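Descriptive analysis of the structure
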Amino acid sequence: IHRGGILFPRNSETRQVVSLDGIWNFIAPNITNPFIGFQQHWYRKSLKEVKDFDMHLMPVPASFNDITTDWKIRDHLGLVWYDRFFFIPKQWEDVGRVWLRFGSISYAGQVWINGELVMSHEIGHLPFVAEITDFLRFGKENLVTVSCDNTLLSDTIPQGKVDELVSGRLDQTYTFDFFNYAGIDRPVYLYTTPATYIDDISVITTDIKEATALLEYNITILGNATSANSYCKINLIDKENYIVSSNEDAGNCNGILKVKNPKLWWPYLMDDDPGYQYTFQVEVTFKGVLVDKYSLPIGIRTISWTNSSLLINNKPIYLHGFGRHEDSDIRGKGLDLPLVIRDHNLIKWIGANAYRTSHYPYAEEIMDIADELGIMIIDECPSVNTEIFSDSLLAKHKISLTELIKRDKNRPGVIMWSAANEPRTQYPAAKLYFKQIIEHIKSLDYTRPTTIVEAQNSNIVESSFYVDIISFNRYNGWYSNEGNLDVVTYYVIKEAQAWHDRFNKPVIMQEYGGDTLEGLHFLPTFVWSEEYQVRLMSEHFKAFDQLKEKGYFIGEFIWNFADFKTAETYTRVGGNKKGIFTRQRQPKASAHHLRRRYWGLAKDY
Ligand code: GCB
């Protein structure tokens, strides 16, 4: 595996990208002998030649769980296998390097090319890449084989537990509340780079003063030449295709680019042209010859924070948004572009300006759209409901953050890092654990604030001393005081105030809500009805309006954008129904209610 940069594959004069998405072969071997694929060297031949196991056709990208009609595949635990053939053109022999990149494999994956192991990666929802030049047959068919393991244990991110049932089957359980979808759930790309190549780019807006923005950039070049002996040319190109600023530096690919009268990146509804991005074009030449070229979209904006507010371009912001999931019928967590665009159309329709990537990093294709629309993202790593704190978990948790920050550091939409959702911070071990986690984030990115999304009571939590922004989840009128909507406003205000009093930091309510079956109506309101969800929201809105007056309350995120699938349990009818949209992305009454609030059309609840 390549531990350098993880730039998204893009075509250019020096690079070519080919998708390996499509229909792959798939086997979920029965679990009496989980290692059979290794013993029989399934990676040395097509899965079509494997005897005694059912082979399925499997779309990539998609979670494998809901594609077939077999519950044993939906609930499969352990290894599954994928493969397909692909053709490599003869001309690629001379381009330099060929890379293979997975947007994500959930949870852990191993990859073989023509029978040789080329990379392994653990932790879902994060991309990984390896150079495969030496394993390829040029001008011929090649075989790629993937094994994928969805097992979650006490030292995986997130954690889970495995027990043997009386039937002999191994059963995966977990405390988090979304289905543990697995497989090759994001796009797979082959791409070429020259032998000397741009490995990574970082661009930070360090200052915007007197109508001039300063962009600090850092470019890593690897291969036969290095940043020290190559020549880097930077062009910043606006949307009309004008070069608005340039730098040329021999032997130095780090520097400061000055941009006069920059058009800033602004959040949705804060500007006529929100989400404005430039193209940061890097050209590397060596002895006068073009070596490599890569174009990165960037936004010019600053983020700052105080003990009571969060500011973009020095303007205080209030976040109106959602917790979400990558989740839909049939494809599970598989990237689905029609769904992604529909979701963002709904987000714009409802007037939200933010969401949290609860409870794991979302696909890069999704993040691109948020950047472009001006939707602010609280970028969460895959740590959710951590119960057992250990050194090995800490090490992996740090890796997940390193990989996430490497992937998303240049995104203007990312305004905050969320280190975890609802960890058991009431345990003493959590304090030192999260001190180290937050220090790790700060060592990688000092420009964005950090948060931990809390479900404990503020008086027993110590880890929030280290974060910049306080986030809490609470289900007033649902998991507590169900039915008693008349007490909700009081408790929401009381809790937000307690968090601010103890930590003296800005406060966001990251989750509130209640399950609602679309089409179920009760007057007067009754739990699970559309009317109940609407009233529950109103009682929160009253609290939020009073909290806003206090000056430290900076955001409200309803749980959840849409209904989503969970593990099978009697508390969930077909999944978690706290969506304000159904799983098919149609509005419940609550969606219209939220829209009136987010657009500022209703003031009285
Ligand atoms: C929470 C979790 C979220 C759940 C939600 C619920 O606190 O953060 O993942 O889905 O509660 O609906 O129970």
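All of the points below concern the structure found in this document. What you see is a predicted model; the values in this text were computed from it and never measured. Within every chain, residues take consecutive numbers counted from 1 along the sequence as written. Two thresholds apply to this predicted model, a pLDDT of at least 70 for residue-level local features and 80 or more for giving and counting side-chain atom pairs, whereas whole-chain, interface and lining totals are computed over all residues. The side-chain figures draw on all heavy atoms in the structure; neither hydrogens nor water molecules are used.

Here we look at the overall build of the chain
Note the cut-off: Secondary structure elements are taken from DSSP: a helix is a run of H or I of four residues or more, a strand is a run of E of two residues or more, and numbering for both begins at the N terminus. Radius of gyration: over C-alpha atoms. The globule rule applied is 2.2 Å multiplied by the number of residues raised to the 0.38 power. Throughout, a contact is declared for two residues whenever any of their heavy atoms are within 4.5 Å.
Helix and strand counts for the chain come out as 9 helices and 30 strands. A globule of 605 residues ought to have a C-alpha radius of gyration of about 25 Å, and the chain, at 25 Å, matches this closely. Principal axes of the C-alpha set define a box for the chain whose edges measure 70 × 70 × 45 Å. A separation threshold of at least 6 residues defines the contact pool for the chain, and within that pool the share at least 24 residues apart is 72%.

So, the pattern of salt bridges
Inclusion rule: Salt bridge, as applied in this entry: a Lys or Arg side-chain nitrogen positioned within 4 Å of an Asp or Glu carboxyl oxygen. Buried means the residue's accessible area, taken with a 1.4 Å probe over protein chains only, is under 20% of the maximum for its type, while exposed means over 50%, and partly exposed covers the values in between.
The final tally for this structure, using the stated rule, is 44 salt bridges. Here Asp329 ties to Arg583 by a salt bridge, and the two come within 3.0 Å at their closest N and O atoms. Taken as a pair, Asp329 in the loop between strand E23 (319-323) and helix H3 (337-350) and Arg583 in the loop between strand E30 (553-559) and helix H9 (589-598) lie far apart in primary sequence, 254 residues in all. For Asp329, a relative accessible area of 29% translates into the label partly exposed. Through salt bridges with shared partners, a single network forms among Asp368, Asp371, Arg407, Asp408 and Arg411.

Some details on the state of the cysteines
The criterion, for reference: Note that a disulfide, as used here, is simply two cysteine sulfur atoms within 2.5 Å.
A full pass over the atoms with the stated rule returns 1 disulfide. Disulfide pairing places Cys232 opposite Cys253 at an S-S distance of 2.1 Å. On the sign convention where negative is left-handed, the bridge of Cys232 and Cys253, at about 95° about the S-S bond, is right-handed. Highlighted residues: Cys232 in strand E15 (residues 231-237) and Cys253 in the loop between strand E16 (243-250) and strand E17 (254-260), separated in sequence by 21 residues. Overall, the relative accessible area of 2% leaves Cys232 in the buried class.

Notes on the site of the ligand
To keep it simple, the criterion reads: Nearness here has a simple test: a residue counts as near a molecule or strand if at least one of its heavy atoms is within 4 Å of that partner. Any pair of N or O atoms that falls within 3.5 Å is considered a polar contact. Within protein, one atom must be able to donate a hydrogen and the other to accept it, and sequence-neighbouring residues count only if both atoms are side-chain atoms. Note on areas: these come from Shrake-Rupley sampling with a 1.4 Å probe, and a residue is covered only by the protein chains present in the view. Residue polarity follows a fixed list, in which Ala, Val, Leu, Ile, Met, Phe, Trp, Tyr, Cys and Pro are nonpolar, Asp, Glu, Lys and Arg are charged, and the others, Gly among them, are polar.
Residues in close proximity to the ligand total 13 residues, the closest being Asp177, His359, Glu422, Tyr479 and Lys578. One nitrogen or oxygen atom from the side chain of Arg572 is found 3.1 Å from an oxygen atom belonging to the ligand. Burial of the ligand by the protein amounts to 91% of the accessible area it has alone, namely 320 Å². Its residues assigned to classes, the shell around the ligand comprises 4 nonpolar, 4 polar and 5 charged.

Overview of the side chain of Lys577
The condition that has to hold: Only four residue types enter the charge count: Lys and Arg as positive, Asp and Glu as negative, with His and the chain ends excluded.
By secondary structure assignment, the location of Lys577 is in the loop between E30 and H9. The side chain of Lys577 sits in the buried core without any salt bridge; Asp563 is the nearest counter-charge, 4.2 Å away.

Description of the packing of H3 against helix H4 (residues 364-373)
To keep things clear, this is the line we draw: Inter-axis angles, ranging from 0 to 180 degrees, are taken between N-to-C directions of lines fitted to C-alpha atoms, where helices are fitted over the stretch in contact. Under this scheme an angle from 65 to 115 degrees is roughly perpendicular, one under 35 degrees roughly parallel, and one over 145 degrees roughly antiparallel; angles in between are oblique. Helix crossings are classified by the rotation of the near helix relative to the far one: an anticlockwise turn of less than a right angle makes the crossing left-handed, while a clockwise turn makes it right-handed.
It is at 10 Å that the axes of H3 and H4 come closest, and there the two elements cross at 30°. By the criterion of interaxial angle, the relationship of H3 to H4 is roughly parallel. For the pair H3 and H4, the sense of crossing is right-handed. On the side of H3, the interface is formed by Leu337, Val340, Ile341, His344 and Lys348, while H4 contributes Glu365, Ile366, Ile369, Ala370 and Leu373.

Quick look at the pairing of strand E29 (residues 507-511)
Every regular strand shows the same layout, with side chains that alternate between the two sheet faces. Put simply, the rule reads: Strand pairing is defined by DSSP finding a minimum of two bridges between the two strands. Every crossover in which the path from the first strand over the helix to the second runs clockwise, viewed with the strands pointing away from the viewer, is termed right-handed.
With respect to burial, E29 is a largely interior element, 5 of its 5 residues being buried. Inspection of the sheet shows strand E28 (residues 469-473) paired to E29 by 4 bridges, in the parallel sense. When the bridges of E29 are listed, Asn473 appears paired with Glu511. Taken together, E28, helix H7 (residues 488-503) and E29 constitute a β-α-β crossover, and its handedness is right-handed. As judged from the 3 bridges shared by E29 and E30, these two strands associate in the parallel manner.

Some details on unusual backbone geometry
With an omega of 0°, the peptide bond running from Val60 to Pro61 counts as cis. As for its placement among the helices and strands, Pro61 is situated in the loop between strand E3 (56-60) and helix H2 (71-74). With an omega dihedral of 15°, the bond running from Trp559 to Asn560 counts as a cis peptide bond. Mapped onto the secondary structure, Asn560 falls in the loop between E30 and H9. Residue Glu210 is not a glycine yet carries a positive backbone phi of 45°. Relative to the helices and strands, Glu210 resides in the loop between strand E13 (197-209) and strand E14 (212-222). Phi is positive for Ile330, close to 65°, though the residue is something other than glycine.

Functional significance is not addressed by these values, which are geometric in nature.
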